[in-house]
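Read off the chains here:
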Amino acid sequence: MTAVRPRRLRPTGAMRRLVAENQPRISSLVLPAFVAEGGTSPRPIGSMPGVVQHSLDSLRGAAGEAAELGLGGIMLFGIPAHKDAVGSAALEADGVLAAAIRAVKAETGDDLVVMSDVCLDEFTDHGHCGLLDETGRVDNDATVEVYRQMAVLHAQAGVDVVAPSGMMDGQVGQIRAGLEAAGHHNTAILAYTAKYASAFYGPFREAVDSSFAGSRREYQQDPANRREAMRELDLDLAEGADMVMVKPAMSYLDVLADVSAVSRVPVAAYQVSGEYAMIEAAAERGWIDRDAAIDESLTSITRAGADIILTYWAAEVARRHATDWRR
Ligand code: PBG
């Protein structure tokens, strides 16, 4: 019989805890939150049980709770009352996102890092992440100009971190230049660096009342490509990204591991709406152990190298793991 027995390190909970290599941390979790303009009460999102479109009031409550639980941050997505071809509501000074940023900042001060989505898909009636040219394609440079203005607007409202998610070329550099020119030297940029054209964003469409039925393959990355993520990383860092992100998480753990192995800035991973919905749906049918699956998914993302995780379960796991995932 062999004398070498790895199982010696697995007999008890105490021993397994002692030798555990990775564990998510509550302070590294970010809660994505949706806020609907004009909403008076939270509205459930059918394909994301437990997630809602907040009113400003209920958003304030959720942000306060997030801070209380010790979460790292909140990522805000706005749903405007009116959408049009150019997403003009995104540039309204008192628009839904600016109002949400102000409300959350007023509630949580410096106790919670407030992040905002800088993208147009929530604001356009066609649902693309940018402005369309005469041929119906997303116009990269015209779109980036709007992102730049959006970012400045969010910074004026007091956001700590802007997060451009549109995958336009040069978006990080232009946003940095815009923030600097407006005097917002301390507003950080979390770049959606390796964001893939993924079917796992499905439930997000319902979450932001989007009718989008097309494809984002002309601007988001091809799921087939791994090396390309490193090129996007080089560009985002050169343009001044303060943090970078890989998205989705579970189907892209290899990309996450690659990025985290070389990045000199913190690396975030986004456990997206479809990842959430799949676990919730299977658990509802009694096919998997819900809590265990959630915990395992977050542990896997941590093991692959994420410093920061965006997850719709952030508040729930912070409650469940108030003692063991503390710090
Ligand atoms: C774009 C954006 C999307 C998500 C976050 N930011 C949608 C998309 O790119 O199609 C998806 C997040 C999720 O699915 O949870 N503003």
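Above this text sits the structure in question.
Description of the structure in this document. A quick note: this is a predicted structure, and the numbers were derived from the prediction, not measured.

1. A few points about the overall build of the protein
Part 1: Looking only at helices and strands, the protein features 11 helices and 10 strands.
Part 2: Taking 20 Å as the expected radius of gyration for a compact globule of 327 residues, we find that the protein reaches 20 Å, a close match to that expectation.
Part 3: Taken along the three principal axes of its C-alpha coordinates, the protein extends 75 × 45 × 40 Å.
Part 4: Taken across its 327 residues, the protein has 53% of its residues classed as buried.
Part 5: Restricting the contact set of the protein to residue pairs at least 6 apart, pairs at least 24 apart contribute 75%.
Part 6: If you sum the accessible surface of the protein, you get close to 14,700 Å²; carbon and sulfur atoms cover 50% of it.

2. Remarks on the packing of helix 9 (residues 273-284) against helix 10 (residues 290-303)
Part 1: Between helix 9 and helix 10, the shortest axis-to-axis distance is 9 Å and the interhelical angle comes to 160 degrees. In terms of orientation, helix 9 lies roughly antiparallel with respect to helix 10. Taken as a pair, helix 9 and helix 10 cross one another with a handedness that is right-handed. Of helix 10, the residues touching helix 9 (which contributes I279, E280 and A283) are R290, A293, I294 and S297.
Part 2: Looking at side-chain class alone, the contact of helix 9 with helix 10 contains 4 nonpolar, 1 polar and 2 charged residues.

3. Let's talk about unusual backbone geometry
Part 1: In this model, K247 is joined to P248 through a cis peptide bond whose omega is -5 degrees.
Part 2: Residue position: P248 is located in the loop between strand 8 (243-247) and helix 8 (253-262).
Part 3: In this structure, M167 is a non-glycine residue whose phi angle is positive, near 60 degrees.
Part 4: Relative to the helices and strands, M167 resides in the loop between strand 6 (161-164) and helix 5 (171-181).
Part 5: With a relative accessible area of 6%, M167 lands in the buried category.
Part 6: Of note in this structure, D209 is not a glycine but carries a positive phi near 55 degrees.
Part 7: By the secondary structure assignment, D209 is in the loop between helix 6 (202-207) and helix 7 (227-239).
Part 8: With a relative accessible area of 37%, D209 lands in the partly exposed category.

4. So, the site of the ligand
Part 1: Surrounding the ligand, one finds 17 residues, the nearest of these being D121, K195, K247, S273 and Y312.
Part 2: Within the contact set of the ligand, a nitrogen atom lies 3.0 Å away from a side-chain nitrogen or oxygen of D117.
Part 3: In this structure, a nitrogen atom belonging to the ligand sits 3.1 Å away from a side-chain N or O atom of S165.
Part 4: Here the ligand has 410 Å² of accessible area as a free molecule, and 100% of this is covered by the chains.
Part 5: Here the residues of the shell around the ligand sort into 7 nonpolar, 3 polar and 7 charged.

5. Overview of the pattern of salt bridges
Part 1: The full count for this structure, using the stated rule, is 17 salt bridges.
Part 2: The partner of R320 in a salt bridge is D295, and the shortest N-O contact between them spans 3.0 Å. With R320 in helix 11 (residues 314-320) and D295 in helix 10, this residue pair connects regions lying 25 residues apart in the sequence.
Part 3: Taking the relative accessible area as the measure of exposure, R320 reaches 28% and is therefore partly exposed.
Part 4: Exposure remark for D295: the relative accessible area of 14% places this residue in the buried category.
Part 5: Among the charged side chains, a network of salt bridges with common partners joins E280, R290, D291, D295, E316 and R320.

6. Things to note about helix 3 (residues 96-108)
Part 1: In this model helix 3 runs 18 Å from its N-terminal to its C-terminal C-alpha over 13 residues, within 8% of the 18 Å that 1.5 Å per residue would give.
Part 2: Listed in full, the buried residues belonging to helix 3 are V96, L97, A98, A100, I101, A103, V104, K105 and T108.
Part 3: Close packing links the buried residues of helix 3 with strand 1 (29-36), helix 2 (56-69), strand 4 (73-79), strand 5 (113-118) and helix 4 (140-157).
Part 4: Among the residues trailing helix 3, G109 stands out with phi positive, at a value near 55 degrees.

What counts and what doesn't
Each chain has its residues counted from 1, running along the sequence as written. Totals for whole chains, interfaces and linings use all residues, but because this is a predicted model, local features are given only for residues with pLDDT of at least 70 and pairs of side-chain atoms are given and counted only at 80 or more. Water and hydrogen atoms play no part in the side-chain values, which are based on all heavy atoms of the structure. In this text, helices come from DSSP runs of H or I with a minimum length of four residues, and strands from runs of E with a minimum of two, each type numbered from the N-terminal end. Here the radius of gyration uses the C-alpha set of atoms, whereas the globule reference equals 2.2 Å times the residue count to the power 0.38. Any residue under 20% of the maximum accessible area for its type is buried, any over 50% is exposed, and the rest in between are partly exposed; the area is computed with a 1.4 Å probe on protein chains only. Note on contacts: a residue pair is in contact if any heavy atoms of the two residues lie within 4.5 Å. Where accessible areas are quoted, they stem from the Shrake-Rupley method and a 1.4 Å probe; at the residue level, only the protein chains shown are allowed to cover. Axis definition: a line fitted to C-alpha atoms, limited for helices to the stretch in contact. Angles are taken between N-to-C directions and run from 0 to 180 degrees. Roughly parallel here means an angle under 35 degrees, roughly antiparallel means over 145, roughly perpendicular means 65 to 115, and every remaining angle is called oblique. Left-handed describes a crossing in which the near helix is turned anticlockwise from the far one by less than a right angle; the clockwise case is right-handed. Ten residue types, Ala, Val, Leu, Ile, Met, Phe, Trp, Tyr, Cys and Pro, are classed as nonpolar, four, Asp, Glu, Lys and Arg, as charged, and the remainder, Gly among them, as polar. Throughout, the term near means that a residue has one or more heavy atoms lying within 4 Å of the molecule or strand in question. Pairs of N or O atoms are called polar contacts if they sit within 3.5 Å, as long as, within protein, a hydrogen donor faces a hydrogen acceptor (for residues adjacent in sequence, only side-chain-to-side-chain pairs). Salt bridges, as used here, are contacts in which a Lys or Arg side-chain nitrogen is within 4 Å of a carboxyl oxygen on Asp or Glu. Residue count minus one, scaled by 1.5 Å, sets the expected span of a helix.

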